[in-house]
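Topology and contacts: notes
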There are 2 protein chains.
Amino acid sequence: MRARAVARVLLLYGVPAGLLIVALRVVEYRFLVVDHAVEIYGAIIAALFAAVGIALGLRLTRSRVVVREVTVEVPVPVAGPFTPNRRELDARGITPRELEILKLIAEGLSTREMAGRLFVSENTVKTHCSRLFDKLGANRRTKAVQVAKTLGLIA
Amino acid sequence: MRARAVARVLLLYGVPAGLLIVALRVVEYRFLVVDHAVEIYGAIIAALFAAVGIALGLRLTRSRVVVREVTVEVPVPVAGPFTPNRRELDARGITPRELEILKLIAEGLSTREMAGRLFVSENTVKTHCSRLFDKLGANRRTKAVQVAKTLGLIA
DNA sequence: GCCAGAATCACCCGAACGGATGACGACGGG
DNA sequence: CCCGTCGTCATCCGTTCGGGTGATTCTGGC
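Being a predicted model, the structure only gives us computed values, none of them experimental. Sequence order sets the numbering: in each chain, residues are counted from 1 along the sequence as written. The naming scheme follows written order: chains are lettered A onward, ligands numbered 1 onward. Residues qualify for local features only when their pLDDT is at least 70, as the model is predicted, and side-chain atom pairs are given and counted only at 80 or more; totals for whole chains, interfaces and linings, by contrast, use all residues. Excluding hydrogens and water, the side-chain figures rest on all heavy atoms present in the structure.

**Description of the overall build of chain A**
Here a strand is any run of E in DSSP of at least two residues, a helix any run of H or I of at least four, and the numbering for each starts at the N terminus. When helices and strands are counted, chain A shows seven helices and zero strands. Each helix and strand of chain A, placed in order from N terminus to C terminus, yields the pattern α-α-α-α-α-α-α. Whether two residues touch is decided by their heavy atoms; if any such pair falls within 4.5 Å, the residues are in contact. In chain A, of all internal contacts separated by at least 6 residues, the share reaching a separation of at least 24 is 58%. All accessibility values rest on the Shrake-Rupley procedure with a 1.4 Å probe; residue burial counts only the protein chains present in the view. Surface exposure of chain A reaches about 9,900 Å², of which carbon and sulfur atoms provide 63%.

**With respect to the protein's contact with DNA strand C**
Proximity is defined per residue: if any heavy atom of the residue lies within 4 Å of a molecule or strand, that residue is considered near it. Contacts to DNA strand C come from 20 residues, most closely from Thr111 of chain A together with Thr95, Arg97, Ser121 and His128 of chain B. In DNA strand C, the atoms that sit within 4 Å of the protein are 70% sugar and phosphate, with bases accounting for the remainder. In protein, a polar contact requires one atom able to donate a hydrogen and another able to accept it; more generally it is a pair of N or O atoms within 3.5 Å, and residues adjacent in sequence count only if both atoms are side-chain atoms. Within the backbone of Arg141 of chain A, a nitrogen or oxygen atom sits 3.1 Å from a phosphate oxygen of DNA strand C. Residue Thr95 of chain B places a side-chain N or O atom 2.5 Å away from a phosphate oxygen belonging to DNA strand C. Mapped onto the surface near DNA strand C, the elements with two or more residues apiece are helix 5 (111-118) and helix 6 (122-136) of chain A together with helix 4 (96-106) and helix 6 (122-136) of chain B. At six residues, the largest contribution of residues to the surface near DNA strand C is made by helix 6 of chain B. Under this grouping Gly is polar, as are all residues other than the nonpolar Ala, Val, Leu, Ile, Met, Phe, Trp, Tyr, Cys and Pro and the charged Asp, Glu, Lys and Arg. Split into classes, the residues belonging to the surface near DNA strand C amount to three nonpolar, nine polar and eight charged.

**Regarding the protein's contact with DNA strand D**
Inspection of the region around DNA strand D gives 21 residues, with Thr95, Ser121, Asn123 and Thr124 of chain A together with Lys126 of chain B positioned closest. Counting only atoms of DNA strand D within 4 Å of the protein, the sugar-phosphate share comes to 66%. Take Asn123 of chain A: an N or O atom from its side chain is 3.3 Å from a phosphate oxygen of DNA strand D. In the environment of DNA strand D, a phosphate oxygen lies 2.7 Å from a nitrogen or oxygen atom belonging to the side chain of Thr124 of chain A. Within the residue set of the surface near DNA strand D, elements represented by two or more residues are helix 4 (96-106) and helix 6 of chain A together with helix 5 (111-118) and helix 6 of chain B. Among the elements that line the surface near DNA strand D, the one with the most residues is helix 6 of chain A, at five residues. Of the residues assigned to the surface near DNA strand D, the class counts are four nonpolar, 10 polar and seven charged.

**What to know about the environment of Ala115 of chain A**
Residues and elements named next belong to chain A. Of note, Ala115 is situated in helix 5. Burial classes: relative accessible area under 20% of the type maximum marks a residue as buried, over 50% as exposed, and values in between as partly exposed (1.4 Å probe, protein chains only). By relative accessible area, Ala115 is classed as buried at 5%. Separated by 10 residues in sequence, Ala115 and Val125 have C-alpha atoms that sit 6.1 Å apart. Not counting residues within four places of it along the chain, the set of residues in contact with Ala115 comprises Val120, Ser121, Glu122 and Val125.

**Considerations on the confidence of the model for chain A**
Per-residue confidence from the predictor is given as pLDDT, running between 0 and 100. In the predicted model, chain A carries a mean pLDDT of 70, and the fraction of residues at 70 or more is 49%. pLDDT under 50 marks residues 61-76 of chain A. Its contacts with residues more than four places away, or in other chains, come to 18 contacts.

Put into structure tokens, the structure is as follows:
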């Protein structure tokens, strides 16, 4: 529904925009380079290329639509005790303590809160965070959480 | 609301189109100044147009694919197409734009990245964030994400 | 036609965070 | 016994974030 509407609007405004580009170019050429008629042909050819491109894209995708139907079955969030994907875990050298920190980050705790809950100093928490960010390729907590979830490190 | 969406799409595709025009003009200028290699020029333009056309086609089809996915995904047991729990949403007065920001936060984007993706200033993003935190009873991004997930506002 | 809500942008300030670096004790395998 | 890893703590510095306030524009509804 929504995607459909977007597509319609795209057509309604994208195509005229393209035509506008061509039109502008034609006019410009008329006024600026009268004797370079070849370039006008260039523009026309360009328009043709654009049309071909669009047609090509549409045709390619149209056939692909049918194929897509099978691939969607992947998401199977069945209940059960979560297991933290050990492979990724020691592939990245993430220690148990760091995983613990990671969980707390995902719970939305601040550095201070984590320090309080784990009975360690805030500096320690920060150190764990830094090393965690390194190993996850993140540079922010929210990013770390997102990465960790896609890697299956946390629930 | 609807007009707003139209306007946004217009912006999203109109502005790049405008940039394209400028880019073309710049290229043209360069080539005209250096020498009149019209054929090369034309070829480049043709390639650009073809690329744009293909991109456009892909874009159109991508949205088409999404529609397909939704219909297919229905028979899947637990995970259907995610719907943002409208009750909580307007119980808390969360606007569409704010929900959009919320999603980006959950993706781990920084203020700057969000601003770039939404074509607004960082200040605007920050404002949305603040109001969002109010409505979610959070005072941190990570917390906001956690709350939003438990409320079923985001996937 | 005016008002309320939504979205946009700006500025300021203090707190939190991220990055870099260094250090120290404990523990375990070679 | 020595070395590497892990967990702990610290300091410094720059950036980001969160909170507060105010202002403008646009749109829809009364």
